[in-house]
Amino acid sequence: MQGFALYPFDPPGDIAALRTDLRDWLAANQPQSDVVARANCWASFDASFSRALGAAGYVGMTLPTQYGGSDRHPLERYVVIEELLAAGAPVGAHWIADRQTGPLILRYGSEEQRQRYLPGIAAGELYACIGLSEPGAGSDLAAVRTTARETAEGWRINGQKIWTTGAHFSHIMLALVRTEEGSERNAGLSQLLIDLDTPGITIRPIIDMAGHHDFNEVFFDDVLVPHGALVGERGQGWKQVTAELGLERSGPERYLSSHALLVALIDAAGPEPDPAITTLIGELTAEIWTLRQLSMSTAAKLAAGEDPMVEASVVKELGNAFEQDMPRRVQAIVTSGWDDENDLAKLLRALLIASPSFSLRGGTREVIRGIIARGLGLR
Amino acid sequence: MSAARDMLCDTARAVFAEAATAGIAPVEEAGFGLLLVPEENNGFGGDWGDVNAVLQIAGVIVPDLPVAELIAGEAFQPAATVSLMAGAMGRALSLSIDHVNTRQQFGRPLGKFQAVQQSLAAMACEVRAVEAAAAALASRLDAVGLDAAAADFEIAAAKLRANRAVGVVTAIAHQVHGAIGFTEEYDLHRVTVPLMRWRGAHGNDAFWAARLGRQVAGFGGRGLWEAMTARGA
């Protein structure tokens, strides 16, 4: 891996105006949600907000206009995403469809799939989930065992997915399945677009330790989907998924999803905080400023059509560490009871409990470090 | 990088290689003191992006020579030190990678052990963070016409981030090298000792954290985000 060549982040158009427009729009349209919902906001579901955001042209921004998108530059989308996250807007409903599924359908999908799904995604009305993990295939994704057999009527799917975020409100799942009988590891895998109202699908909630319902188990019992459900090339699922994960790992959500806590800390401290809190604010700011540079540079490299797998992993690793450390370091220094009801205390409690997941979602820390090690030429 | 900067870097590598044994004189003779002097004053007319590139190379090859002092004035020494640190950390990383790919233990190269891979990945993240901080600081200094006061936020953030990386980077570099890295004959100390020194030079962690923290407290919570976005991209 060569030195981190900082790709210039130079979106076209008037970025300052784009930010101002969006900030104005949010001032008028962002629901007055609870402070905890504003933290970790990419898990906050609000269908009417997603629809309004889509109508305003802020969802599916990079999709071509013929599919309902705005044909904007990926870095313009980046600016919009970081503004939404910094404001704690509830983007959870359309989040995965906008970030991953839409771009993947555009890149690998058939014309029929594009016409069928992309307009709904761009409208902020069609939600997607990612069917990757299975009970025996989490960090070891090549161990996927869910099968899809091609029959005269279509693909017949059997198996189980797990940790599927948002399956209970999603319309479609983009699933990684084994289409070649007897295939091993990362060969013989394909991606299928599955409408979740297809008979034979059972979705069961998994409640997390914060009491939230984000995850699900999804069971496929002889589920029949049309031949046209295949996305991209049969047998090329691994390659497609790997590209998809690059989109997932370097975005501003890797360091901004808990931004509300830093905001609350600064606000609670006031303009002249005591020296220890001043120091902590300075340390957290140095980190978030640096992470933003890394994330923007990686986005610029991605937008230039390159594959920043290693850089994206660096952003995820450092961003996860920052977001996990922040609540612990704040707790170590502020005087606040566990059950206090002020904003800072509520956020602190919520993020302490949520934080173990930060270095799990989107690939565990050990897997991410393994990718970086490969980039260093060690594997 | 521009062709002009590529040429500048090539020159810097050649001159610093000579200076590594001959001292600062070849660097002075090659005119690096004129790097930031405008062309109309018979200087090179470079920007901080050029300084960053040259000082990273200095951090690799001649971390003990006063190249930063030769190129930039007192107000820019904290920024210059970030560039030196980025270069030296990159050197510590490349030495570490070379070592673990070569040194055999238990019948295979150290680099094949997962524990070693994970440590070096963590180290690489820190090095990339400092490189990114140095580059972003350079962009800001150039955007404000080399006005150090207008880049105080970025100088504080970059120097503090670089300072905090020193502990991780030097610790892992020496850990994966084992005893050889602790010897005078091996090159690692040529970068790790300067890194330890630079962490405390031109403002230690406490100094910059307080300085940055006071600015941010003045911005307010939402104001921090608005300030960051207004100051770059």
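Residues numbered from 1 in each chain as written. Chains lettered and ligands numbered in written order. Predicted model: local features only at pLDDT ≥ 70, side-chain atom pairs only at ≥ 80, totals over all residues. Heavy atoms only, no water.

1. Details of the overall build of chain A
Point 1. Looking only at helices and strands, one finds 13 helices and 8 strands in chain A.
Point 2. At 21 Å, chain A has a C-alpha radius of gyration in line with the 21 Å of a compact globule built from 379 residues.
Point 3. Taken along its principal axes, the extent of the C-alpha atoms in chain A is 70 × 45 × 40 Å.
Point 4. Expressed as a percentage of the 379 residues in chain A, the buried residues total 58%.
Point 5. Total accessible area on chain A stands at roughly 14,700 Å², and carbon and sulfur atoms take up 50% of it. (Helix = DSSP H or I, 4+ residues; strand = E, 2+ residues; numbered from the N terminus. Rg over C-alpha atoms; globule rule 2.2 N^0.38 Å. Buried < 20%, exposed > 50% of the residue type's maximum accessible area, 1.4 Å probe, protein only. Areas by Shrake-Rupley, 256 points an atom, 1.4 Å probe, with all protein chains shown as cover.)

2. Description of the interface of chain A and chain B
Point 1. Contact with chain A, which involves 51 residues of that partner, is made by 47 residues of chain B.
Point 2. Summed over both sides, the interface between chain A and chain B buries roughly 3,900 Å², with carbon and sulfur atoms accounting for 69% of that surface.
Point 3. Put simply, chain A and chain B have 3 salt bridges between them.
Point 4. A salt bridge links Arg 161 of chain B to Glu 287 of chain A, with the shortest nitrogen-to-oxygen separation between them at 3.1 Å.
Point 5. If you look at where chain A meets chain B, you find 9 residue pairs in polar contact (both at pLDDT 80 or more).
Point 6. Of all the secondary structure elements, the ones that give two or more residues to the side of chain A that touches chain B are helix H1 (15-29), helix H4 (74-86), helix H8 (253-256), helix H9 (259-269), helix H10 (275-303), helix H11 (309-331) and helix H13 (365-375) of chain A.
Point 7. Element by element, the count of residues in the side of chain A that touches chain B is highest for H10 of chain A, at 15 residues. (Contact = heavy atoms within 4.5 Å. Buried area = accessible area lost by both parts, 1.4 Å probe. Salt bridge = Lys/Arg side-chain N within 4 Å of Asp/Glu carboxyl O. Polar contact = N/O pair within 3.5 Å; in protein donor to acceptor, adjacent residues only side chain to side chain.)

3. Some details on empty space enclosed by the protein
Residue and element names in this part refer to chain A.
Point 1. Applying the stated rule across the entire model yields 1 cavity of 30 Å³ or more.
Point 2. Estimated volume of the largest cavity: approximately 40 Å³.
Point 3. As for the largest cavity, its lining consists of Gly 60, Met 61, Thr 62, Leu 63, Ala 97, Asp 98, Gly 102, Pro 103 and Ile 121.
Point 4. Sort the elements by how many residues they give to the lining of the largest cavity and helix H5 (residues 95-108) lands first, with 4 residues.
Point 5. Split into classes, the residues belonging to the lining of the largest cavity amount to 5 nonpolar, 3 polar and 1 charged. (1 Å grid on protein atoms, 1.4 Å probe; cavity = no way out; pocket = protein on both sides within 12 Å on 5 of 7 lines; lining within 4 Å. Points joined across faces, edges and corners; volume = space filled by probe spheres on them. Nonpolar A, V, L, I, M, F, W, Y, C, P; charged D, E, K, R; others polar.)

4. Quick word on the packing of aromatic side chains
All names here are of chain B.
Point 1. Here the structure, examined in full by the defined rule, presents 13 aromatic pairs over all chains.
Point 2. A ring pair is formed by Phe 16 and Phe 32, whose centres lie 5.5 Å apart and whose planes are at 35°; its orientation type is tilted. Taken together, the residues span a long stretch of sequence, with Phe 16 in helix H1 (residues 3-22) and Phe 32 in the loop between helix H2 (25-29) and helix H3 (48-61) at a distance of 16 residues. Judged on exposure class, the residue Phe 16 and its partner Phe 32 are both buried. (Phe/Tyr/Trp six-rings, centres within 6.5 Å; stacked < 30°, edge-to-face > 60°.)

5. A short note on the nonpolar core
Point 1. If you look at the biggest cluster of nonpolar residues, it comprises 158 residues, and the most contacted ones within it are Leu 265 of chain A together with Phe 16 and Leu 120 of chain B.
Point 2. Tallying contributions element by element places helix H6 (residues 114-143) of chain B first for this core, with 17 residues.
Point 3. Those residues in contact with Leu 265 of chain A, other than ones at most four positions away along the chain, are Ile 277, Leu 280, Ile 281, Leu 284, Val 330, Val 334 and Leu 344 of chain A. (Core = buried A, V, L, I, M, F, W, Y, C linked by side-chain atoms within 4.5 Å.)

6. Description of the pairing of strand E4 (residues 172-178) of chain A
All names here are of chain A.
Point 1. The element E4 is largely enclosed, with a buried count of 7 among its 7 residues.
Point 2. Residue alternation in E4 divides its side chains into two sets, Ile 172, Leu 174, Leu 176 and Arg 178 and Met 173, Ala 175 and Val 177, and both sets are buried.
Point 3. The pairing of strand E1 (residues 128-131) with E4 spans 4 bridges and is classified as parallel. Considered in E4, the bridge of Gly 131 is made with Ala 175. (Pairing = 2+ DSSP bridges.)

7. Remarks on the pattern of salt bridges
All names here are of chain A.
Point 1. Inspection of the entire model under this criterion finds 40 salt bridges over all chains.
Point 2. A salt bridge links Arg 292 to Glu 82; the nearest nitrogen and oxygen atoms lie 2.9 Å apart. Remark: Glu 82 occurs in helix H4 and Arg 292 occurs in helix H10; sequence separation between them is 210 residues.
Point 3. When its relative accessible area of 2% is taken as the criterion, Arg 292 is described as buried.
Point 4. Salt-bridge contacts for Arg 328 lead to Asp 325; the nearest nitrogen and oxygen are separated by 3.6 Å. Of this pair, Arg 328 and Asp 325 both sit in helix H11, separated by 3 residues, roughly a single helical turn.

8. As for the packing of H10 of chain A against H6 of chain B
Two packed helices can be described by the angle between their axes and the distance between those axes.
Point 1. Where H10 of chain A meets H6 of chain B, the axes come as close as 9 Å, and the angle between the chain directions of the two elements is 90°. When the axes of H10 of chain A and H6 of chain B are compared, the pair comes out roughly perpendicular. Touching Trp 289, Thr 290, Gln 293 and Leu 294 of chain A of H10 of chain A are Arg 128, Ala 129, Ala 132, Ala 133, Ala 136 and Leu 137 of chain B, all from H6 of chain B.
Point 2. Per-class residue counts for the contact of H10 of chain A with H6 of chain B are 7 nonpolar, 2 polar and 1 charged. (Axes fitted to C-alpha atoms, helices over the stretch in contact; angles between N-to-C directions. Parallel < 35°, antiparallel > 145°, perpendicular 65-115°, else oblique.)

9. Structural notes on the confidence of the model for chain B
One rule of thumb: low pLDDT means the predicted coordinates there are not for detailed reading.
Point 1. Put simply, chain B has an average pLDDT of 97, and 99% of its residues get 70 or more.
Point 2. Predicted complex metrics record ipTM = 0.97 and pTM = 0.95. (pLDDT = per-residue confidence, 0-100.)

10. Some words on the side chain of Ser 96 of chain B
Residue and element names in this part refer to chain B.
Point 1. Relative to the helices and strands, Ser 96 is located in helix H5 (residues 77-102).
Point 2. Taking relative accessible area as the criterion, Ser 96 reaches 0% and is therefore assigned buried.
Point 3. Polar contacts involving the side chain of Ser 96 include one to the main-chain carbonyl oxygen of Ala 92, which spans 2.7 Å.
Point 4. The contact partners of Ser 96, leaving out residues within four places of it in the chain, are Leu 120, Met 123, Ala 173, Val 176 and His 177.

11. Observations concerning the environment of Ile 201 of chain A
Residue and element names in this part refer to chain A.
Point 1. Looking at the element boundaries, Ile 201 is found in strand E6 (residues 201-207).
Point 2. Counting along the chain gives 34 residues from Ile 201 to Ala 167, while the straight-line C-alpha distance between them is 11 Å.
Point 3. Not counting residues up to four positions away in its chain, the partners in contact with Ile 201 are Ile 194, Asp 195, Leu 196, Val 218, Phe 219, Phe 220 and Val 223.

12. Some remarks on H5 of chain A
All names here are of chain A.
Point 1. For H5, which comprises 14 residues, the first-to-last C-alpha distance of 20 Å matches the rise-based estimate of 20 Å (1.5 Å per residue) to within 8%.
Point 2. Along H5, the sharpest change in direction is near 40° and occurs at Thr 101; proline Pro 103 comes one to four residues later.
Point 3. By the burial criterion, the buried members of H5 are Trp 95, Ile 96, Ala 97, Asp 98, Arg 99, Gln 100, Thr 101, Gly 102, Leu 104, Ile 105 and Tyr 108. (Expected span 1.5 Å × (residues − 1). Bend = angle between axes of the 7 residues up to and from the residue.)

13. Some remarks on the packing of H4 of chain A against helix H10 (residues 221-231) of chain B
Point 1. Between H4 of chain A and H10 of chain B, the least distance of the axes is 11 Å, while the angle of their chain directions is 165°. If you check the angle between H4 of chain A and H10 of chain B, you find them roughly antiparallel. When you trace H4 of chain A past H10 of chain B, the crossing you get is right-handed. Residue-level inspection shows Glu 82, Glu 83 and Ala 86 of chain A of H4 of chain A in contact with H10 of chain B, the latter providing Arg 222, Trp 225 and Thr 229 of chain B.
Point 2. Along the lines of polarity and charge, the residues of the contact of H4 of chain A with H10 of chain B split into 2 nonpolar, 1 polar and 3 charged. (Left-handed = near helix turned anticlockwise from the far one by under 90°.)

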